[in-house]
Amino acid sequence: MSGYLLEMKGIAKRFDGVPALDGIDLAIRPGECIGLCGENGAGKSTLMKVLSAVYPHGSWDGEIVWDGQPLRARSVRETEEAGIIIIHQELMLVPELSVAENIFLGNEITLPGGRLDYPAMNRRAEEILRGLRLPDVNVVLPVKHYGGGHQQLIEIGKALNKNARLLILDEPSASLSASEIDVLLGTVRDLKARGVACVYISHKLEEVAAICDTIVVIRDGKHIATTPMPQMSVDRIIAQMCGREMNQMYPTLPHAIGEVVMEARHITCYDPENPRRKKVDDVSFQVRRGEILGIAGIVGAGRTELVTAIFGAYPGRHEGEVWLEGQRVDTSDPLKAIRAGFALVPEDRKHHGIVRDLSVGENITLSVLQRYAHLTRIDDGEETSAVKEQIARLALKTASPALPITALSGGNQQKAVLARMLLTGPKVLILDEPTRGVDVGAKFEIYRLMLELAAQGIAIVMVSSELAEVLGVSDRVLVLQEGRLRGDFLNDDLSQETVLAAALGQS
Ligand SMILES: Nc1ncnc2c1ncn2[C@@H]1O[C@H](COP(=O)(O)OP(=O)(O)OP(=O)(O)O)[C@@H](O)[C@H]1O
Ligand SMILES: [Mg+2]
C-alpha cells in the first residue's frame, strides 16, 4: 500500500495542440491538504478539471490512481460518486433557483413517488449554512439575492452536502471577507480531522501557508517542486512560482497629483430589494488628477454600490450628483458615463465583466467599437493592433486574441476586462477588486500600471478588500462603513489599525 488516496502520474493535456499540462505528478494522503500554487495560467484549474473528469478520460495523457485503483472517469458524476468533489473557480450556482435548490442540485431528496421533499432539503440546507456561520440566509430565496461572499459560502455548502473524500477548492476565498475566510479555513480543518483530503488553490498565499501541509508548485504546465509546508515560507512559494525572488510587493513611481477632476456629491443608493434601506448614505468625495484613491471597508459597507452608482450602473434608485471636470454627468446609464470619461472594471467578472460567447480580442474592444468603426465598417487592422498593444501591456497570457475568452485562466480574464476599459482612454478609472484571483507577479504589474496611468494624469478609484493592497498603492483612502463615509485619510504612514477601526465604526 502506498498510503496515498490519490496519485496523478505524468498528466499531460493540450488545447488545440498547445500544451497546458506537461507531465505533472501529484499524490495526496487521506487528511492531507495540498496547496497547489502557480502563476495565472500555470495549469492549476486544468489539472483539477482532469482530476474531476470535467476533461474526461481519453482527453488527456497520464494515469490517475484513486484508492489503489486506476480511475478512468468519463464524467463529473463518476468522480463525484468516487468522492472527488470540486468547487470551481467561477461560481456554478443557478441564480434563479433557491439557496436550498442550489445546494441539492443533482442530489435532490425525494419523497416516495419521486416528488421533491422541500421541507427536508430546506432543513438540511439551513443546517449546513449554520455550520458555515450563515444563519441569516433564507434558504427559500433565489441565490441571486445574496452577494458574492455569501454565494461562495453557499457553493461550499453545496460541496459539503456531498460525500467528499477529496475536496478541491479552486480559489474559494477570492470574494470572501476576512471573517468568512476564517470560517472557510475552520471548515477545511474539520474536514482534514475527519480524514478528508483537500487541494487548496489560492493566490492569497498567507492562507495557503496557514492551512496546507504540503505545497506543490507548477509553472507553465510543469511540476516545479513538492515541499512540506514546515520547510516553506510565503517568500519561497513566490520564488518557486515565478522562478525568481520578489523582494518587493508594491512598486513605486512618483506621480504628481493635480486639481480636482471628479466630484461625487451626496450619493445615496437605496436597496433594490428593500427601498427603505440605504446601501450608500449621503457620501461625498473628490478625486484629483493623477491621484490613486483607495476605498476600504468590510463586505456590505456599500463600496461596490457607491462606484456602480457613479458609473451609472447601479440597479436601484439612487440620488446625488457626479461632476467630472466641472460638468454634471448623467448617472442613469453606463454608456453616458463612458462617454464622459469614466471607466469601470467590475468586481463580478463572470456576470458583468466578460462576454462569454466572444473571443479575447472582441472582449477587449467591446465598449470602444465606435472608435474603430468608420461609418459601418470596422477597421480590422487598427483594432487588431490596439488589441495586441493591450495584450502586451498587461502581459496577458493567451495563445491568440481569437481564442474564446472562456479559454483563458481566471487571472487572465481579469486582465482582458482591464484592457477593454483602458482602451476607452478614461479620465477616471474605477477598479473594483482589480487583483482578485490574480497572481503575485501579475498583481505587481497591475499596480505598476495603475501608477503609470496616474502619472499620465488619470484619476484612479480602487475598491479593495485587501487592506495591505489599499495601503500599498493608494495616495488617499476613503473608508465606508454601513453605507456611510467614516474616514478620508491621506496615506502618509497610515496604519492598518486606523483604517480597520474606521471600517468597523470604532473611530
Ligand atoms: N478550454 C481551453 N481552451 C484553450 N486553452 C485553455 C483552455 N482552458 C485553459 N487553457 C489554457 O491552459 C493554460 C492553463 O490554464 P488554467 O486555467 O489551468 O490556469 P490556472 O493556473 O488555473 O490560472 P489562474 O490562477 O489564472 O486561475 C492557460 O494558458 C489557458 O489559457
Ligand atoms: Mg484557475
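Bear in mind that the values here come from a model prediction, so they are computed numbers and not experimental data.

**Remarks on the pairing of strand 13 (residues 292-296)**
For strand 13, the buried fraction is high: five of the five residues fall into the buried class. Judged by which residues are buried, strand 13 turns out to be covered on both faces: I292, G294 and A296 on one side and L293 and I295 on the other are all buried. Looking at chain direction, strand 13 and strand 20 (residues 459-463) are connected through four bridges and run parallel. If you follow L293 over to strand 20, its bridge partner there is V461. Judged from the four bridges that link them, strand 13 and strand 21 (residues 476-481) form a sheet pairing that is parallel. Within strand 21, the position partnered with G294 by the bridge is V477.

**Some points on the UniProt feature "domain: ABC transporter" (unreviewed entry) in the protein**
Summarizing the sequence annotation, UniProt attributes the feature "domain: ABC transporter" (unreviewed entry) to residues 6-245 and 262-507 in the numbering used throughout. As a span, residues 6-245 carries 33% helix and 25% strand, and end to end its C-alpha atoms are 32 Å apart.

**Notes on the packing of aromatic side chains**
The geometry of an aromatic ring pair comes down to the distance between the two centres and the angle between the two planes. Inspection of the entire model under this criterion finds two aromatic pairs. Centroid distance F15 to Y55: 5.6 Å. Interplanar angle 70°. Geometry classified as edge-to-face. Of this pair, F15 sits in strand 1 (residues 6-15) while Y55 sits in the loop between helix 1 (44-51) and strand 4 (61-66), and the two are 40 residues apart along the sequence. Overall, Y55 belongs to the buried group, its relative accessible area being 19%.

**Some words on the sheet that holds strand 15 (residues 327-329)**
Think of a sheet as strands paired side by side through backbone hydrogen bonds, with each pair either parallel or antiparallel. The strand order 12-11-14-15 describes an open sheet built from four strands, whose pairing is antiparallel. Bordering the open sheet on either side are strand 12 (274-288) and strand 15, each of which pairs with just one other strand. Within the sheet, the average angular offset between the axes of one strand and its neighbour, ignoring direction, is 20°. Direction of pairing for strand 11 (residues 260-271) relative to strand 12: antiparallel, over a ladder of eight bridges. Looking at strand 12, one finds that M262 is bridged to V287.

**So, the coordination of the magnesium ion (ligand 2)**
On the protein side, the magnesium ion (ligand 2) has S45 (OG) and Q89 (OE1) as donor atoms, found 2.1 to 2.3 Å from it. In this pair, S45 sits in helix 1 while Q89 sits in the loop between strand 6 (84-87) and helix 3 (99-103), placing the two residues 44 residues apart along the sequence.

**Things to note about the packing of helix 14 (residues 380-393) against helix 15 (residues 410-423)**
In contact at an axis separation of 10 Å, helix 14 and helix 15 are set at 125° when each is read in the N-to-C sense. The orientation of helix 14 with respect to helix 15, classified from their angle, is oblique. Two packed elements cross with a definite hand, and for helix 14 against helix 15 that hand is right-handed. Contacts between helix 14 and helix 15 involve A386, Q390 and R393 from the first element and A419, L422 and L423 from the second.

**What about the sheet that holds strand 10 (residues 222-228)?**
Spatially, 6-7-8-3-9-10 is the arrangement adopted by the six strands of the open sheet, whose pairing is mixed. Edge positions in the sheet fall to strand 6 and strand 10, since each has one partner strand and no second. Adjacent strand axes in the sheet meet at a mean angle of 15°, parallel and antiparallel pairs treated alike. Direction of pairing for strand 3 (residues 33-37) relative to strand 8 (residues 197-201): parallel, over a ladder of three bridges. Directly across from C33, in strand 8, lies its bridge partner C198. The strands touched by helix 8 (residues 234-242) within the sheet are strand 3, strand 9 (214-219) and strand 10, with strand 9 carrying the most contacts at an inclination of about 25°.

**Focus on the domain arrangement of the protein**
The domains assigned to the protein are domain 1 (6-242), domain 2 (248-341 + 428-440 + 456-507) and domain 3 (350-425). Using C-alpha coordinates to define each centre, domain 2 is positioned 25 Å away from domain 3. Each partner contributes to the interface: domain 2 provides ten residues, whereas domain 3 provides nine residues. Buried surface at the junction of domain 2 and domain 3, summed over both partners, amounts to about 650 Å²; 66% is from carbon and sulfur atoms. Inspection of the region where domain 2 meets domain 3 yields zero salt bridges.

**Focus on the layout of surface pockets**
What the second largest pocket holds in volume is close to 1,000 Å³. Lining the second largest pocket are 40 residues, with F15, T46, A407, L408 and S409 positioned closest to its centre. Of all elements in the fold, only strand 2 (18-28), helix 1 and helix 15 reach the threshold of two or more residues within the lining of the second largest pocket. Across the lining of the second largest pocket, the residue classes break down as 14 nonpolar, 17 polar and nine charged. Three or more residues apiece are contributed to the lining of the second largest pocket by two domains, here domain 1 (6-242) and domain 3 (350-425).

Cut-offs used in this document
Residues numbered from 1 in each chain as written. Chains lettered and ligands numbered in written order. Predicted model: local features only at pLDDT ≥ 70, side-chain atom pairs only at ≥ 80, totals over all residues. Heavy atoms only, no water. Buried < 20%, exposed > 50% of the residue type's maximum accessible area, 1.4 Å probe, protein only. Helix = DSSP H or I, 4+ residues; strand = E, 2+ residues; numbered from the N terminus. Pairing = 2+ DSSP bridges. UniProt positions renumbered as here; feature names shortened; annotations may be inferred. Phe/Tyr/Trp six-rings, centres within 6.5 Å; stacked < 30°, edge-to-face > 60°. Axes fitted to C-alpha atoms, helices over the stretch in contact; angles between N-to-C directions. Donors = N, O, S within 2.8 Å, 3.2 Å for Na, K, Ca; no water. Parallel < 35°, antiparallel > 145°, perpendicular 65-115°, else oblique. Left-handed = near helix turned anticlockwise from the far one by under 90°. Contact = heavy atoms within 4.5 Å. Domains from an automatic or database assignment. Buried area = accessible area lost by both parts, 1.4 Å probe. Salt bridge = Lys/Arg side-chain N within 4 Å of Asp/Glu carboxyl O. 1 Å grid on protein atoms, 1.4 Å probe; cavity = no way out; pocket = protein on both sides within 12 Å on 5 of 7 lines; lining within 4 Å. Points joined across faces, edges and corners; volume = space filled by probe spheres on them. Nonpolar A, V, L, I, M, F, W, Y, C, P; charged D, E, K, R; others polar.

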